[in-house]
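Here's the letter readout for the chains.
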Amino acid sequence: MEMNDLKRDIELLRADINKLTEDLKSGGNQGSADIRERFVNRAAELEQSARDTVSQTYDNVRGKSQELVDSGRRQVQTNPFTSLAWSFVAGILFSKLMDRK
């Protein structure tokens, strides 16, 4: 099924390239300028979309990490001795892992 989809996509791409080639031949310089302008505009749109997506993802990650830090602080303030015990156990495990070379 995927191979047929891939073949169909390749044929569509070939048809688009052929049409673009014919448009360039028949349109002369004006046609290529229009195509170039459309291409530049589309590239700018894609760039802005990528920037927006990255920015939104960064904001989401930053918000989640802040929530985790706040949750950890509340946990330590609520149960300081339990937090100390877990930190001690984690330190022991970490030192054992580092000694294993």
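Residues numbered from 1 in each chain as written. Predicted model: local features only at pLDDT ≥ 70, side-chain atom pairs only at ≥ 80, totals over all residues. Heavy atoms only, no water.

It is not clear to me how the overall build of the chain should be interpreted in this structure. Could you clarify?
In terms of regular secondary structure, the chain is built from 2 helices and 0 strands. Residue burial in the chain is summarised as follows: out of 101 residues, 3% are buried. Surface exposure of the chain reaches about 9600 Å², of which carbon and sulfur atoms provide 59%. (Helix = DSSP H or I, 4+ residues; strand = E, 2+ residues; numbered from the N terminus. Buried < 20%, exposed > 50% of the residue type's maximum accessible area, 1.4 Å probe, protein only. Areas by Shrake-Rupley, 256 points an atom, 1.4 Å probe, with all protein chains shown as cover.)

Looking at this structure, how should I read the side chain of serine 83?
The topology assignment puts serine 83 in helix 2 (residues 80-99). Other than its neighbours up to four places away in sequence, serine 83 contacts Gln75 and Val76. (Contact = heavy atoms within 4.5 Å.)

I would appreciate a short explanation of the pattern of salt bridges in the present structure.
Pairing is possible between side chains of opposite charge, provided their charged atoms come close. Per the counting criterion, the structure on display carries 3 salt bridges. With a closest N to O distance of 2.9 Å, glutamate 47 and arginine 51 form a salt bridge. One end of the pair is glutamate 47 and the other is arginine 51, both in helix 1 (residues 2-78) and 4 residues apart, which spans about a single turn. For glutamate 47, a relative accessible area of 43% corresponds to the partly exposed category. (Salt bridge = Lys/Arg side-chain N within 4 Å of Asp/Glu carboxyl O.)

Just checking my understanding: could you explain the environment of serine 83 for this structure?
Here serine 83 falls in the buried class, since its relative accessible area comes to 15%. C-alpha separation for the pair serine 83 and glycine 72, spaced 11 residues apart in sequence, amounts to 9.4 Å. A polar atom in the side chain of serine 83 sits 2.9 Å from the backbone oxygen of asparagine 79. (Polar contact = N/O pair within 3.5 Å; in protein donor to acceptor, adjacent residues only side chain to side chain.)

Teacher, can you tell me more about a nonpolar patch on the surface here?
The grouping of Trp86, Phe88, Val89, Ile92 and Leu93 at the surface amounts to a nonpolar patch, some 550 Å² of accessible area in total. Mapped onto the secondary structure, phenylalanine 88 falls in helix 2. Classification of phenylalanine 88 by relative accessible area gives exposed; the value is 58%. (Patch = residues over 30% accessible without salt bridge, like charges linked within 9 Å, V, L, I, M, F, W, Y side chains within 5 Å.)

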